[in-house]
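# Structural characterization, general
Now for the letters of each chain:
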Amino acid sequence: MSNYRLNYLDQLESESIHILREVAGQFERPALLFSGGKDSITLVHLALKAFRPGKFPFPLVHIDTGHNFQEALDYRDALAESIGEKLIVRHVADTIQAKKLTEPKGKFASRNALQTYTLLDTIEEFQFDACIGGARRDEEKARAKERIFSVRDEFGQWNPKLQRPELWNIYNGSIDKGENVRAFPISNWTELDIWNYIRREKIALPSIYFAHEREVLEYEGQLVAVSEFVDLESTDVVSRKKVRYRTVGDMTCTAAVESTASNIDDIIAEIIATKTSERGETRIDDKVSEAAMEDRKKNGYF
């Protein structure tokens, strides 16, 4: 079994490195979208294997909503400094002010939809023709419709009905003026693959991926971190629980899971036992509608 797992992870790693090098070879101004979450951390690790001892042929780019977990931001900055790569950060709050956008209201007022404006402005500012993302097909059904190279039109929009065939690992990066591509090197990985790879490669992660005590709001069966961004009411039930995060998004739209898993082996055991996908269990913004993710992607979300 151990030999099988090794060969299996080697195969995924090799495919992802090949895709990263294809992006570098086919595009003039690519960027790697980096949030400090486990998937984008894995992408950076793969990029180190793909391009060292040289520098990355792209910067790291983070679209900061202002509602992030501080642990993820601290990790983001520390990693970029430790590997000596350029980190570009653009803030949704600046876009809201510049474009006079209306902030969402409500109990969990997420800026997820608004970050699309900031992302598209950043692509235009730096003339990026490809953005590398850490999306995986097992996360959500809209992402399962994506190709490895997913073309966006001149307005940044995605049409799921206009997908290019990708036969024999041949990726077509040809685009017209104004278009750009979202590239997904770990599209064929699963959540369990990511954790097995993190264990094998001994990749460090932000502390919130491991069990810790945190004040949480119990809401419709989910545990949401208490923060300045969540509108608490007098009837809300707040408690202190031992939790961890399966996926890391904004504090307003990412729920924790109760857990005592303090190491990677324990986390892997929990993932094997669970029957719910990480986004299905913990992402509040995906529950807005049946097609919430697809709608965001059509408008330019990564």
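I will try to describe carefully the structure that is included in this document. All figures in this text were calculated on a predicted structure; none of them were measured in a lab.

## Some points on the pairing of strand 5 (residues 149-152)
- Of the two faces of strand 5, the one carrying Phe149 and Val151 and the one carrying Ser150 and Arg152 are both buried.
- In terms of strand pairing, strand 5 meets strand 6 (residues 180-183) through four bridges, oriented antiparallel. Paired with serine 150 across the strands is arginine 182, a residue of strand 6.

## Considerations on helix 6 (residues 191-201)
- Within helix 6, eight of the eleven residues are buried, which leaves it mostly tucked inside the rest of the structure.
- Those residues of helix 6 that fall on the buried side of the exposure criterion are Glu191, Asp193, Ile194, Trp195, Asn196, Tyr197, Ile198 and Glu201.
- Lysine 202 sits one or two positions beyond helix 6 and adopts a positive phi of about 55°.

## A word on the sheet that holds strand 3 (residues 87-91)
- Spatial ordering of the open sheet is given by 3-2-1-4-6-5, a layout of six strands whose pairing is mixed. Pairing within the sheet leaves two strands with one partner each, and these edge strands are strand 3 and strand 5. Ignoring strand direction, the axes of neighbouring strands in this sheet form an average angle of 30°.
- One ladder, built from three bridges, connects strand 1 (residues 30-33) with strand 4 (residues 130-132); its direction is parallel. Residue pairing across strands places alanine 31 opposite cysteine 131, the latter belonging to strand 4.
- Lying on the sheet, helix 3 (residues 70-83) is in contact with strand 2 (60-64) and strand 3; it crosses strand 2 at an angle near 165°.

## Observations concerning the packing of aromatic side chains
- Using the criterion set out here, one finds eleven aromatic pairs in the structure.
- Taken together through their ring pairs, the aromatic side chains of Phe27, Phe149 and Tyr171 make up a single cluster.

## Some remarks on the sheet that holds strand 7 (residues 212-219)
- Around the barrel, four strands lie side by side as 7-8-10-9; this closed barrel has antiparallel pairing. On average, each strand axis in the sheet is inclined to that of its neighbour by 65°, with strand direction left out of account.
- With two bridges joining them, strand 9 (residues 238-244) and strand 10 (residues 255-258) adopt antiparallel strand pairing. Residue pairing in the sheet places arginine 244 in a bridge with valine 257 of strand 10.

## Examining the environment of proline 165
- With respect to the helices and strands, the residue proline 165 is situated in the loop between strand 5 and strand 6.
- Looking at proline 165, the relative accessible area reads 60%, which means it is exposed.
- For proline 165 and phenylalanine 149, which are 16 residues apart along the polypeptide, the C-alpha to C-alpha distance reads 9.8 Å.

## Details of the pattern of salt bridges
- Counted according to the given criterion, the structure contains 22 salt bridges.
- Across the salt bridge formed by lysine 38 and aspartate 39, the nearest N and O atoms sit 4.0 Å from each other.
- With a shortest N-O distance of 2.8 Å, arginine 76 and aspartate 77 are connected by a salt bridge.

## Some words on the pairing of strand 8 (residues 222-225)
- Going residue by residue along strand 8, you find Gln222 and Val224 tucked away on one face and Leu223 and Ala225 tucked away on the opposite face as well.
- Counted along the chain from strand 7 to the antiparallel partner strand 8, the turn is two residues long, and its residue glutamate 220 has a positive phi close to 50°.

## Overview of a nonpolar patch on the surface
- There is a patch of nonpolar side chains on the surface, built from Leu167, Trp168 and Ile170 and spanning about 410 Å² of accessible area.
- Position of tryptophan 168 among the secondary structure elements: in the loop between strand 5 and strand 6.

## Some thoughts on the nonpolar core
- Counting 57 residues, the largest nonpolar core has Phe149 and Trp195 as its most contacted members.
- The biggest single contributor to this core is helix 2 (residues 38-51), with seven residues.
- Ignoring sequence-local partners within four residues, the contact set of tryptophan 195 consists of Lys38, Leu205, Tyr209, Ile264, Ile267, Ile268 and Ile271.

## Some details on the side chain of histidine 67
- By the secondary structure assignment, histidine 67 is in the loop between strand 2 and helix 3.
- Its relative accessible area of 7% is what places histidine 67 among the buried residues.
- Those residues within four positions of histidine 67 in sequence are excluded, and the remaining contacts are Ala109, Arg111, Phe229, Asp250, Met251 and Thr252.

## Examining helix 2
- The first and last C-alpha atoms of helix 2 sit 20 Å apart over 14 residues, in line with the 20 Å expected at 1.5 Å per residue.
- Within helix 2, twelve of the 14 residues are buried, leaving the element largely enclosed by the surrounding structure.
- Along helix 2, the residues classified as buried are Lys38, Asp39, Ser40, Ile41, Thr42, Leu43, Val44, His45, Leu46, Ala47, Ala50 and Phe51.

## Remarks on unusual backbone geometry
- Looking along the chain, the bond that leaves arginine 52 and enters proline 53 is cis, with omega of 15°.
- Tracing the backbone shows proline 53 in the loop between helix 2 and strand 2.
- Phi angles above zero are rare outside glycine, and glutamine 127 is one such case at about 60°.
- Following the sequence through the fold, glutamine 127 ends up in the loop between helix 5 (115-126) and strand 4.
- Residue classification places glutamine 127 among the partly exposed positions, given a relative accessible area of 48%.

Cut-offs applied
- Residues numbered from 1 in each chain as written.
- Predicted model: local features only at pLDDT ≥ 70, side-chain atom pairs only at ≥ 80, totals over all residues.
- Heavy atoms only, no water.
- Buried < 20%, exposed > 50% of the residue type's maximum accessible area, 1.4 Å probe, protein only.
- Helix = DSSP H or I, 4+ residues; strand = E, 2+ residues; numbered from the N terminus.
- Pairing = 2+ DSSP bridges.
- Axes fitted to C-alpha atoms, helices over the stretch in contact; angles between N-to-C directions.
- Contact = heavy atoms within 4.5 Å.
- Phe/Tyr/Trp six-rings, centres within 6.5 Å; stacked < 30°, edge-to-face > 60°.
- Salt bridge = Lys/Arg side-chain N within 4 Å of Asp/Glu carboxyl O.
- Patch = residues over 30% accessible without salt bridge, like charges linked within 9 Å, V, L, I, M, F, W, Y side chains within 5 Å.
- Areas by Shrake-Rupley, 256 points an atom, 1.4 Å probe, with all protein chains shown as cover.
- Core = buried A, V, L, I, M, F, W, Y, C linked by side-chain atoms within 4.5 Å.
- Expected span 1.5 Å × (residues − 1).

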